[in-house]
Amino acid sequence: MHLMEGELPTSMSGSCGACLNGKLYVFGGYDDKGYSNRLYFVNLRTRDGTYVWEKITNFEGQPPTPRDKLSCWVYKDRLIYFGGYGCRRHNELQDCFDVHDASWVRPPELFIAQSGFCMREEQIFWGWHNDVHIFDTKTQSWLQPEIKGGVPPQPRAAHTCAVLGNKGYIFGGRVLQTRMNDLHYLNLDTWTWSGRIPINGENPKHRSWHTLTPIADDTLFLFGGLSADNIPLSDGWIHNVLTNCWKQLTHLPKTKPRLWHTACLGKENEIMVFGGSKDDLLSLDTGHCNDLLIFQTQPYSLLRSCLDCIGKNAIILESQISLLPPKLLQQVLKKITFWTAVNHREEQRAQKEETENKYQWISSN
């Protein structure tokens, strides 16, 4: 854990985070004051281990309207945001916005910074977006690209996105009471939409709050989410963009559903899933998850398998390990440390279960 300094973002839900050139950017979200369109960043590559947040205020252009549960593509030093759920004034309504609700309110705090201290009531609309906004990190400027063609996806929130080459993919998400399982991409050079991509064969279930992770130049990995029936999902799917086929992974555990989690690619094509919830958050929340799930999408390399074998059998191989070349020895020692820690945790867990079983037996007799 690292302590953060500077202009820390307020506690929000549904914010959108993205890493670019060693900096973590966080945009938007929702708190008790409403929706946000603020943008913050922190440099994660500091030499002294100090992490200082900065709020980006000195920018050019117009940022997106306040929203949460949006997505972000990272491409050519740009953060490209799509969709989300949020609010707009009457004069901000466009075709890219599906209205969910409207009411007459005094402008909330999030609008005051843009429009001054206007205290008269005005009509505010809530709903889903399908607009595209760019933040150029080099010029510190917001711009909205002109979409040159194609059929854009339906407005949505709680969808997921991924970049393969110059294409920004999105999958699923929610609008009104509907969750979707459609796949689209936006060409991030020509700004043309693909339209809904026709799928050959079986499709994953409709869902929101899932993740989509690139695992190869032509392959995406879909995991988890909340189904159209409000059931937390634990299924994993691989999509090949060349064949437009989905293939379900059958070896994943069915007892580890996740939604509103994060996922990233490891060094050997394993998917690492962290956080989120295992519940239908719309009706139940027994607490968030803090365990790390690791899913293999292909066999580990021969080197990795050998290192694991040595790490697990270090006592038997003790007399031979010191004979290894220096670079290989360093890798082996790391694996020995790792598997020693794993075995220690397993022993502690087994002792705890044995103690609990003993107390249960005593109390029942």
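One can find the structure itself at the top, above this paragraph.
Predicted model only: the values in this text are computed from it and were never measured.

What counts as what
Residues numbered from 1 in each chain as written. Predicted model: local features only at pLDDT ≥ 70, side-chain atom pairs only at ≥ 80, totals over all residues. Heavy atoms only, no water. Pairing = 2+ DSSP bridges. Helix = DSSP H or I, 4+ residues; strand = E, 2+ residues; numbered from the N terminus. Axes fitted to C-alpha atoms, helices over the stretch in contact; angles between N-to-C directions. Parallel < 35°, antiparallel > 145°, perpendicular 65-115°, else oblique. Left-handed = near helix turned anticlockwise from the far one by under 90°. Contact = heavy atoms within 4.5 Å. Nonpolar A, V, L, I, M, F, W, Y, C, P; charged D, E, K, R; others polar.

Participant: Run through the sheet that holds strand β21 (residues 270-274), naming residues and quoting values.
Facilitator: Taken in spatial order, the three strands of this open sheet run β20-β21-β22, and their pairing is antiparallel. The strands lining the two open edges of the sheet, one partner per strand, are β20 (262-265) and β22 (292-296). Neighbour to neighbour, the strand axes of the sheet diverge by 20° on average, direction disregarded. Across four bridges, β20 lies against β21 in antiparallel orientation.

Participant: Got a sec to walk through the packing of helix α2 (residues 302-312) against helix α4 (residues 326-364)? Specific residues and values, please.
Facilitator: Running from amino to carboxyl end, α2 crosses α4 at an angle of 55°, the nearest separation of the two axes being 8 Å. Taken together, α2 and α4 sit at an angle that is classed as oblique. Considering the relative orientation of α2 and α4, their crossing is right-handed. When α2 is examined against α4, the residues Leu303, Arg304, Leu307, Asp308, Ile310, Gly311 and Lys312 are found in contact with a partner set consisting of Leu328, Gln331, Val332, Lys335, Ile336 and Trp339. In terms of residue class, the contact of α2 with α4 is built from seven nonpolar, two polar and four charged.

Participant: Quick rundown of the sheet that holds strand β5 (residues 51-55)? Include the residues and the values.
Facilitator: Pairing within the open sheet is mixed, and its five strands lie in the order β1-β5-β4-β3-β2. Of all strands in the sheet, those with a lone pairing partner are β1 (4-6) and β2 (16-20), marking the two edges. On average, each strand axis in the sheet is tilted by 25° relative to the strand beside it, whichever way the strands run. With eight bridges joining them, strand β3 (residues 23-31) and strand β4 (residues 34-43) adopt antiparallel strand pairing. Counterpart to Gly29 in the pairing with β4 is Ser36.

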